[in-house]
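# Inside the fold
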Amino acid sequence: MSTHIRNEKIRNVAIIAHVDHGKTTLVDAMFRSSGLFRKGQIVEDRLMDRMDLERERGITIAAKNCAIGWKGVKVNIIDTPGHADFGGEVERALSMADGALLLVDAAEGPLPQTRFVLRKTLEANLPVIVVINKVDRKDARPAVVLDEISDLFIDLDASEEQFHFPLLYAVAREGIAARDPAGVGFMVGSGKSLDGGAFQGAPKGADLEPLLDAISEEIPGPIVEADKPFQMLVSDLGYSDYLGRLAIGRIYNRSVRSADQLVRIGADGDTSNLRVTRLQVYQGLSIVETDHAEPGDVVVLSGIEEVHIGDTVCTSNAPEAMRRITVDEPTVTMLFARNNGPLAGKEGRYVQSTRIRERLLKETMSNVSLQIEDAEEQDGFLVKGRGEFQMAIVIETMRREGFELCVGRPRVIMRTDAQGNTLEPIERLFVDCAEEYTGIVTEKLSLRKGRLVNLTNHARGRTRLEFSVPSRALIGFRDELLTDTRGTGIMNAFLEGYEAWRGAFPARKTGSLVSDRSGQSVPYALFNLEPRGQIFIGPGEKVYEGMIVGEHNRNNDLDVNPCKTKKLSNMRAANKDENVVLTPHRTMNLEMAINFIRDDELVEVTPASIRMRKTALRYAERKRLR
């Protein structure tokens, strides 16, 4: 019978929350409170967001590890993404944790991704510390948000122990936390409600000590089976120019030394011998070399050439595989293909299909929620994932690395039940908008087979609408929502499950303006095309036959000539000296282009340009296909 003991020297905690509720900012404050930086040292904000895309967009895309020391205890922190499309990162990160810190905005309350990450945490039977953040907001309502959090725990069937969660209030930006709102400067309003008061500023000497104490007291140390041999589950991968492939994971049993003889057990049960060339552990933001790591710690092993997320690393004399990391099935698929247009190879370094395939396979090794397979109908690859935003991040990353490729419109992945009925993924959509836009939002989603489930008015001029909608209805809807709500609407969604197909609905109601020849766009031609629709290109840009240069006002495609010049003659004209004044054209970024295209169109992505085009470039071929 195995003996279970806890390593009280270590705490492994994952920080989970919805987008923009303050996870990464809180980690920064924890670094400062733990004494990681010397007094007066100038450090940049959002230290855990190391990717360029993360800093540009202000969101966490990949789960990352770090560690701090607090009163003799090592705290391994896993910063997780807050966007639903990166749910695979959350599931991977939770495999290393023994507890979680749930952050909730004091004004917005629990949002869709809050439900998703909390459900995964409760399913893993992890204890949760709830932190209501941003109580300094003018519209903060911590008492109401606490009730909403409690309702969410009940709705997700939390156990009795999980429901009685420790509660703290925080202002992560100021680096303060307390057990009650007054401890972070929130003034209690009239009666028993905490709402209605004003933020008074932090009390003198307030810091994150109550939060760090709560982590060491409420989060249990990792369980270790003393009589079992060494086992480690690979939860993340890295790469070093000097050390090669890095395997990152948590030690479950026994300790490990850098010279130990180990084996790797793969998905099929196949084993391969390996020798650890270097053993490293997290210390602050960096990793440091060590010759010995304790059970329960998160370590980085180098010297493993072939390794995948979910593999088990164990001793060679007692190989035993652990349960692999499982993630939810993908719901969206996109076509990735080489660029076969007239401008192919002029702006990118990597254009071959083999290079694109290698890069996608490399991505699936570190991103467990992505799958890749060969496309049957045409040359290319089908990439399956959680949503179009996740796909856009992959495409943008490849683009910055020098890749040139074409991608198709996102399509949802259907299922078939035992009776042969078609099932489609259904999302629970939350839309936050001003009261005057409630009607138009409801109308647009009703046309897309959405059903209004709930409507909440917070009496602050804004309403929260809750819909049950097909996943395919949300492809391209975000841009339409921003237009309808004058840029003030906010939408969030999470996958609710699969239901019977709700039927067809009208997609894009406009056609495309398609160039009928190759050349260079001319101001005179673009000026005369403006009455036909919205133009996407400016003067002097390269165009080719089959390239989309604008959006047609009507629902059909129109072949146009953007290279047409004004005919010259020796006759004097009354308006010959008039200058052509063009209306500013609409510049399409990657996400806008992916949402705009139809099923017979592609987005051409290069390091320098984003273009939209027809799949069949020649007019005669498009006519034949129609």
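See above for the structure.
Described below are features of the structure shown in this document. (Residues numbered from 1 in each chain as written. Predicted model: local features only at pLDDT ≥ 70, side-chain atom pairs only at ≥ 80, totals over all residues. Heavy atoms only, no water.)

Burial within strand S26 (residues 422-434) is extensive, with 12 of its 13 residues counted as buried. Where strand S25 (residues 415-416) meets S26, two bridges bridge the pair, whose relative direction is antiparallel. Across the sheet, arginine 415 pairs through a bridge with leucine 423, a residue of S26. Following S25, the chain reverses through five residues before pairing antiparallel with S26; glycine 420 in that reversal takes a positive phi of roughly 85°. Note that S26 and strand S29 (residues 490-500) share 10 bridges and pair antiparallel. Its bridge partner being in S29, phenylalanine 430 is matched across the sheet by asparagine 492. Inspection of the sheet shows S26 paired to strand S28 (residues 462-470) by nine bridges, in the antiparallel sense. Within the sheet, the bridge partner assigned to cysteine 433 lies in S28 and is threonine 463. (Buried < 20%, exposed > 50% of the residue type's maximum accessible area, 1.4 Å probe, protein only. Helix = DSSP H or I, 4+ residues; strand = E, 2+ residues; numbered from the N terminus. Pairing = 2+ DSSP bridges.)

Below, the discussion takes up the packing of helix H4 (residues 112-123) against helix H5 (residues 142-155). Direction vectors running N to C along H4 and H5 enclose 50°, while the axes themselves pass 10 Å from each other. Compared by their axis directions, H4 and H5 come out oblique. Viewed along their axes, H4 and H5 form a crossing whose handedness is right-handed. Residues Thr114, Arg115, Leu118 and Leu122 of H4 touch H5, and the partners they reach there are Leu152, Phe153 and Asp155. Residues of the contact of H4 with H5, tallied by class, amount to four nonpolar, one polar and two charged. (Axes fitted to C-alpha atoms, helices over the stretch in contact; angles between N-to-C directions. Parallel < 35°, antiparallel > 145°, perpendicular 65-115°, else oblique. Left-handed = near helix turned anticlockwise from the far one by under 90°. Contact = heavy atoms within 4.5 Å. Nonpolar A, V, L, I, M, F, W, Y, C, P; charged D, E, K, R; others polar.)

Taken in spatial order, the seven strands of this open sheet run S3-S4-S2-S5-S6-S7-S8, and their pairing is mixed. Only two strands of the sheet have a single neighbouring strand rather than two, namely strand S3 (64-70) and strand S8 (176-178). The average undirected angle you get between the axes of adjacent strands in this sheet is 25°. Seen against the sheet, H4 touches strand S2 (10-17), strand S5 (99-105) and strand S6 (128-133) and runs at an angle of roughly 150° to S2. Contacts between H5 and the sheet are confined to S5, S6 and strand S7 (167-171), with S6 contributing the most and set at about 150° to the helix.

Between the first and last C-alpha of helix H8 (residues 353-366) there are 21 Å, a value that for 14 residues agrees with the 20 Å anticipated at 1.5 Å per step. Within the sequence span of H8, burial applies to Ser353, Ile356, Arg359, Leu360 and Glu363. Down the axis of H8, the sector holding all buried residues measures 130°, keeping them to one side. Projecting away from the buried face of H8 at angles above 90 degrees are the exposed residues Thr354 and Lys362. The elements touched by buried residues of H8 are strand S20 (332-338), strand S21 (371-374), strand S22 (381-385), helix H9 (388-400) and strand S23 (405-407). (Expected span 1.5 Å × (residues − 1). Arc of directions from axis to C-beta.)

With that settled, the discussion passes to the packing of aromatic side chains. Given two aromatic rings, their pairing is described by the distance between the two centres and the angle made by the two planes. Scanning the entire structure with this criterion turns up four aromatic pairs. Geometrically, the ring pair formed by tyrosine 350 and phenylalanine 403 is tilted, given 4.9 Å between the ring centres and 45° between the ring planes. Taken together, the positions of tyrosine 350 in the loop between S20 and H8 and phenylalanine 403 in the loop between H9 and S23 put the pair 53 residues apart, joining distant regions of the chain. When its relative accessible area of 5% is taken as the criterion, phenylalanine 403 is described as buried. Aromatic side chains phenylalanine 536 and phenylalanine 596 sit 5.2 Å apart centroid to centroid with 85° between the ring planes, which places their arrangement in the edge-to-face category. Taken as a pair, phenylalanine 536 in the loop between strand S32 (533-535) and strand S33 (542-543) and phenylalanine 596 in helix H13 (residues 590-596) lie far apart in primary sequence, 60 residues in all. Here phenylalanine 596 falls in the buried class, since its relative accessible area comes to 7%. Counting every residue linked through ring pairs, the aromatic cluster contains Phe153, Phe163 and Phe165. When the ring centre of tyrosine 252 is taken as origin, the NZ or CZ atom of arginine 250, which lies over that ring, is 4.6 Å away. (Phe/Tyr/Trp six-rings, centres within 6.5 Å; stacked < 30°, edge-to-face > 60°. Lys NZ or Arg CZ within 6 Å of the ring centre and 35° of its normal.)

Now for the sheet that holds strand S10 (residues 231-240). Overall, antiparallel pairing links the eight strands, which are arranged S14-S13-S19-S10-S11-S18-S15-S16 in an open sheet. With one partner strand each, in any of the chains shown, strand S14 (271-275) and strand S16 (286-289) form the two edges of the open sheet. Going across the sheet, the axis of each strand differs from the next one's by a mean of 40°, ignoring polarity. Direction of pairing for strand S11 (residues 244-253) relative to strand S18 (residues 298-302): antiparallel, over a ladder of five bridges. Across the sheet, leucine 246 pairs through a bridge with serine 302, a residue of S18.

Moving on, we come to the nonpolar core. Within the largest apolar cluster, 40 residues are counted, with the highest numbers of intra-cluster contacts made by Leu102, Leu118, Val130, Ile132, Ile149 and Phe153. In this structure, phenylalanine 153 is in contact with Leu102, Leu118, Leu122, Val128, Val130, Ala158, Gln162, Phe163 and Phe165, ignoring residues within four places of it in sequence. Cys66, Trp70, Leu101 and Ala214 belong to the second largest nonpolar core, which has 28 residues in total. (Core = buried A, V, L, I, M, F, W, Y, C linked by side-chain atoms within 4.5 Å.)

Direction vectors running N to C along H8 and H9 enclose 125°, while the axes themselves pass 12 Å from each other. Accordingly, the angle class assigned to the pair H8 and H9 is oblique. Read as a crossing pair, H8 and H9 show a hand that is right-handed. Packed against H8, whose contacting residues are Ile356, Arg359, Leu360 and Glu363, the element H9 presents Val394, Thr397 and Met398 at the interface.

This brings us to the environment of histidine 308. Relative to the assigned elements, histidine 308 resides in the loop between S18 and strand S19 (312-315). Taking C-alpha positions, histidine 308 is 9.8 Å from isoleucine 265, a pair spaced 43 residues apart along the chain. Excluding its chain neighbours within four sequence positions, the residues that come into contact with histidine 308 are Val234, Leu237 and Met365.

This part is about the pattern of salt bridges. Tallying each qualifying case throughout the model produces 43 salt bridges. Between aspartate 559 and arginine 622 there is a salt bridge, with the nearest N and O atoms lying 2.5 Å from each other. Residue aspartate 559 is found in strand S35 (residues 558-560), and its partner arginine 622 is found in helix H14 (residues 619-625); the two are separated by 63 residues along the sequence. A relative accessible area of 29% places aspartate 559 in the partly exposed class. Accessibility expressed as a relative area gives 8% for arginine 622, which makes it buried. Each of Asp105, Glu108, Lys134, Arg137 and Asp139 takes part in salt bridges that share partners, so that together they form one network. (Salt bridge = Lys/Arg side-chain N within 4 Å of Asp/Glu carboxyl O.)

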